[in-house]
Structure formats: C-alpha cells, structure tokens
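# Structural characterization, general
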Amino acid sequence: MRLSAYFLPTLKETPTEAKISSHRLMLRAGMIRQSSAGIYSWLPLGLKVLNKIGEIVREEQDAIGCHEMLMPTIQPADLWRDSGRYDDYGPEMLRIRDRHDRDMLYGPTNEEQITEIFAGSVKSYRDVPQMLYHIQWKFRDEVRPRFGVMRGREFLMKDAYSFDMDFDGARNSYNKMFVAYLKTYERLGLKAIPMAADPGPIGGDMSHEFMILADTGESEIACHKGFVDNDWLETAGDDLQTTVDTFTEKYAATDEKRDTDAEAALGDDLVTARAIEVGHIFYFGKKYSEKLGAIVTDSDGNNITVEMGSYGIGVSRLVGAIIEASHDEAGIIWPDSVAPFRVGLINLKVSDDECVTACDDLYARLTTAGIDTLYDDRDTRAGAKFADMDLIGLPWQLAIGPRGIKNGVIEVKNRKTGERQELSVDDAMNLLGV
Ligand code: P5A
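Residues numbered from 1 in each chain as written. Predicted model: local features only at pLDDT ≥ 70, side-chain atom pairs only at ≥ 80, totals over all residues. Heavy atoms only, no water.

### Brief notes about the pairing of strand 6 (residues 103-106)
Along a regular strand, successive side chains alternate from one face of the sheet to the other. Quick reminder of the rule: In this analysis, strands are considered paired if DSSP registers two or more bridges between them. Under the DSSP-based scheme used, a helix requires at least four consecutive residues in state H or I and a strand at least two consecutive residues in state E, with every element numbered from the N terminus.
Two elements, strand 4 (residues 74-76) and strand 6, share 3 bridges in a ladder whose sense is antiparallel. Bridging across to strand 6, I74 finds its partner in Y106. For strand 5 (residues 94-97) and strand 6, the ladder comprises 4 bridges, and the chain directions are antiparallel. For R97, the partnering residue across the bridge sits in strand 6 and is D103.

So, in structure tokens, the structure goes:
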C-alpha cells in the first residue's frame, strides 16, 4: 500500500481525552475515531488489526469444531421476556421501539437468540453435541464507557454457545473452549491467565475469565506466581481434562472470587496485580434451555433439556489490550501475528530519482513475495516518516536514502528490539524469510 494513496490520519498531538496509552496510541495512529461516548469508527489501519484478531479467533474456534454463523444485532424483546432477562438486564440494555410499536433491543449478548434457534431445529440426541459461534457487534449502555475500545458501549465480541446432553458433555465442551482460548491468546502474543470468576448476569456456577496483566487494567486480581513465570500450556498433555486441571488447580481469582485463606497459604508465591479481561467463559446448565424449550429426545425416547455454556472473547477490546501489553514512548509495537502490515518501507528522499526507483523496485519485490508492505512515498521530512512508522508499530522498517544507495545498502530496523542494520537488499529479503 502506498501511503500517499492511503487513509492514515495520524496525530502529532496527544489527545487529552485519552487516559491510557492504548487509547492515545489508537487515536494518534489513525486507527479509530470516536463517534459518541463509547462508540467508535474503525479507520483502515484499525480495521486491519481488528480483522486479523478476528481471523485468529475464528481459526481456533473452527479448529475445535465450533461452527460460525451470524445472528442479528437487533433482537425482539419478547425473546428476553421468555428467558426472564428483559427486566434483569436493567439500564445497560439499549431498548428500541419499531414503527409497529414493538419492543426491540440492541443485543448485549445472544444466549436467548441461539437457544431459540437450537430449540426450533434440533430434536434428537443424534444432533447433539453442537457448538456455534458468531463474531458480531454488541451494545451495552455502560455507566462509564472509558479507555477507548477497552470499555466501549458498542463493541465486537466473539460469542460461542455449546449444547450437550449431560453435565459430562457440557464439561467437555467447556474444556475444549478453555484450551482453545489459551491457544488463541498465545497466537495473539499475549499471556492470558484463566481465573475463577463471577458469572454475573449470564448466570451459572462455573466460570473463568481470561486476564492479561496490565497496570491500566480495570480488574484487581490475585494469582499463583507460576502463572506469570511459567508456560503450563507447553507442559500440558493431550488429555483435555488434565490440561484444564493444570491451570484450574492453582490459585487464580478475580476480585469477587478472592479467598483470603488460599492467599495466606501461598505466602511469597502470591501475586496481586491489575488486569484486563479479554475473555469470559460460562457453564450455566439448563438456565436458558429450560425457559426456551431446548429439549431433545435421548436414545430411549426420553425428553432431555440440554446443558449449555457460553464463551466470549472481546475482539475489539483485544486491540487495546495488545497495545497496553506492547508499546513504548514512540508508539505501538505489534506482534507479527496481528500487525496491520509486516513491513514499512520508507523513501528518505522522494526528490531523488534514483531513490524513487530503488524504493519502487523493492516495493515490487516485497509485494511479489507476498509481504504486506506500507510504502511511505510521501513528500515529507524523513524525521516525520520515521516517527509515523514508530507510532504505527510495524514489525520491520526498511529505509532507503541516497547515501545508502551509494553504498549498496538499505537500513533495516526491528521495531521491537530497536536494532538497526545496514544490509544489501538481498540480505534484507533473507532476513524477512524470502
Ligand atoms: C459469553 C459469550 C458474555 O457476554 N455471553 C456470550 C457471555 N460474557 S461477557 O463476559 O459479558 O463478555 C465477553 C467479553 O466481551 C468483552 N467485553 C467488552 N469489550 C469492550 N467493551 C465492553 N463494554 C465489554 N463488555 C464485555 C470482554 O472481553 C468480555 O470478557
């Protein structure tokens, strides 16, 4: 992509309304713009990252046999009256009336909607277990929307739902999701710690939140030090339950679930910290299936109310969370897996024909090799170009100027380590693995 033809409205000034780094950097890097409190437009660079995160989430859901679908954002109020949550949800729910005076709502989550679909279509144990998900916008009229996309009112969530014949089946679905979540966060370059959590308005009696440690996190947590120091997923075996037990047997709790005795027993092994909740999974048994009639017959012809769970990942929140976990004073440092472009190519002197030719040639080579490249061909100062590249945080910066051309080299900078080297074009391509 040629930057001269792209839409990347970066800001030099730090926006004063933004209280935390990720919010400031997302505004400055031209990723988002606020529409109203807690509601954002995603500009091209921001949308690219959002889509990359969504794709990794999607691949790990597909890998455990969870099927993608798409449910609407607007739901009928009657469905929520049937489950009893229409009144329970309170002022967080955005209520709408259509032209026929029918009560509608902008979905804060989809337990009711998916249970209705399942109940209407699945009648036999032969079609169970089932896991379904979608990646869809949600609306929650939060009291205090803040920190940009971290606590939005409109936000993108991956929400999955499982249906099983009995508790053991439901537990197995929960375990599959638990491990898929650990893999997802790992691919996003994050260390997410699963913690015993309070199920809140979703309900149920088993629930884990996936937390990223960050000083700007909204939650207060406590956990065994090993969660911070070790990678237990690597040592885990093939057996699902054993893998999940590896994590859940050790102490890790969100604020509401903290246990003073367990913490005292940990002594020096206790870590207390602030954290960002990037995912939340729930087992709630028959809470929705009973009310909405999700009943199937078993092999003996008996009616069985199915056991359910739901599993959420904050896709748009993750954009902010990744930045909180990975940035410096100059800007964002994207992990390779979600970087909006892998390489930023800088022409240091656009008035120099030789320099333009060298840059155009390298851009063509990178593009042909399948390397997604942002090519800064603008007629601006070199200093401003370097600053913008550091701000938007692409993993590799390649800079070409007249001096380098004379010596047959380009400058290659690794954004994460800050290491700079002068290399021939061929060596630079080798370094990028092509
Ligand atoms: C699980 C899937 C649920 O809604 N129902 C369907 C269950 N869980 S949850 O914990 O309430 O939300 C799941 C994840 O969504 C993110 N999230 C938010 N992100 C941005 N702004 C918000 N206001 C917001 N609220 C929730 C979190 O990552 C949460 O873990």
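### Here we look at the pairing of strand 19 (residues 343-347)
Where we set the bar: Think of it in three bands: residues with accessible area under 20% of the maximum for their type are buried, residues over 50% are exposed, and the middle band is partly exposed, with areas taken using a 1.4 Å probe on protein chains only. By convention a crossover is right-handed if, when the strands point away from the viewer, the path from the first strand over the helix to the second runs clockwise.
Within strand 19, 5 of the 5 residues are buried, which leaves it mostly tucked inside the rest of the structure. Residues V343, L345 and N347 of strand 19 are buried on one face, and the alternating residues G344 and I346, pointing to the opposite face, are buried as well. As paired elements, strand 19 and strand 20 (residues 373-376) share 4 bridges and run parallel to each other. The residue bridging I346 from the neighbouring strand is D376, located in strand 20. Once you follow strand 19 into helix 13 (residues 353-368) and on to strand 20, the crossover reads as right-handed. Bridge count between strand 19 and strand 21 (residues 396-400): 5 bridges; the pairing is parallel. Note on strand 21: the bridge partner recorded for V343 is W396.

### Examining the site of the ligand
Put simply, the rule is: Note on definitions. A residue lies near a molecule or strand when any single heavy atom of the residue is within 4 Å of it. In protein, a polar contact means a hydrogen-donor-capable atom and an acceptor-capable atom, both N or O and within 3.5 Å, with residues adjacent in sequence counting only if both atoms are side-chain atoms; elsewhere, any N or O pair within 3.5 Å suffices. Areas reported here follow the Shrake-Rupley algorithm with a probe of radius 1.4 Å; residue values treat only the protein chains shown as occluding.
Taken together, 23 residues are adjacent to the ligand, and T109, E111, R140, G152 and E277 come closest. Within the side chain of E277, one N or O atom sits 2.5 Å away from an oxygen atom of the ligand. H280 places a polar side-chain atom, nitrogen or oxygen, 3.2 Å from an oxygen atom of the ligand. Burial of the ligand by the protein chains amounts to 95% of its free accessible area of 610 Å². Counting residues per element, the ones that place at least two in the shell around the ligand are strand 8 (154-164), strand 13 (270-285) and strand 16 (307-314).

### Some thoughts on the nonpolar core
Note the threshold: Definition used in this section: a nonpolar core is a set of buried Ala, Val, Leu, Ile, Met, Phe, Trp, Tyr and Cys residues joined via side-chain atoms within 4.5 Å. Two residues qualify as a contact provided that any one of their heavy atoms is within 4.5 Å of a heavy atom in the partner residue.
Ranked by internal contacts, the top residues of the largest apolar core, which has 82 residues, are M31, I53, Y185, L188, F210, V319 and W334. For this core, the element with the most residues is helix 6 (residues 167-187), which contributes 9 residues. Look past the residues within four positions of Y185 in its chain and what remains in contact with it is L190, A192, F210, V278, G279, I313 and L318. Counting residues in each nonpolar core, the second largest holds 18 residues, with C355, C359, W396 and A428 among its members.

### Points about unusual backbone geometry
For the peptide bond that leads from V128 to P129, omega is 5°, which places it in the cis range. Mapped onto the fold, P129 is located in the loop between helix 5 (111-121) and strand 7 (130-139). One non-glycine residue, D101, adopts positive backbone phi at about 65°. With respect to the helices, strands and loops of the structure, D101 is situated in the loop between strand 5 and strand 6. With phi around 60°, F147 is a residue other than glycine that occupies positive phi space. By secondary structure assignment, the location of F147 is in the loop between strand 7 and strand 8.

### Considering the packing of aromatic side chains
Stated formally: Within 6.5 Å between ring centres, the rings of Phe, Tyr and Trp (the latter by its six-membered ring) count as paired, and their orientation is classed by plane angle as stacked under 30 degrees, edge-to-face over 60, tilted in between.
Taken as a whole, this structure holds 15 aromatic pairs when the rule is applied. Both rings, one in Y6 and one in F341, keep their centres 5.8 Å apart while their planes meet at 80°; by these two values the pair is edge-to-face. Taken together, the residues span a long stretch of sequence, with Y6 in the segment before helix 1 (21-28) and F341 in the loop between strand 18 (331-332) and strand 19 at a distance of 335 residues. Grouping residues by exposure puts Y6 and F341 together as buried. Where F118 meets F163, the ring centres are 4.0 Å apart and the plane angle is 5°; that geometry is what we call stacked. Within this pair, whereas F118 is found in helix 5, its partner F163 is found in strand 8, the two being separated by 45 residues in sequence. Given a relative accessible area of 0%, F163 falls into the buried group. Chaining the aromatic ring pairs together yields one cluster made of F178, Y181, Y185, F210, F227, W232 and F247.

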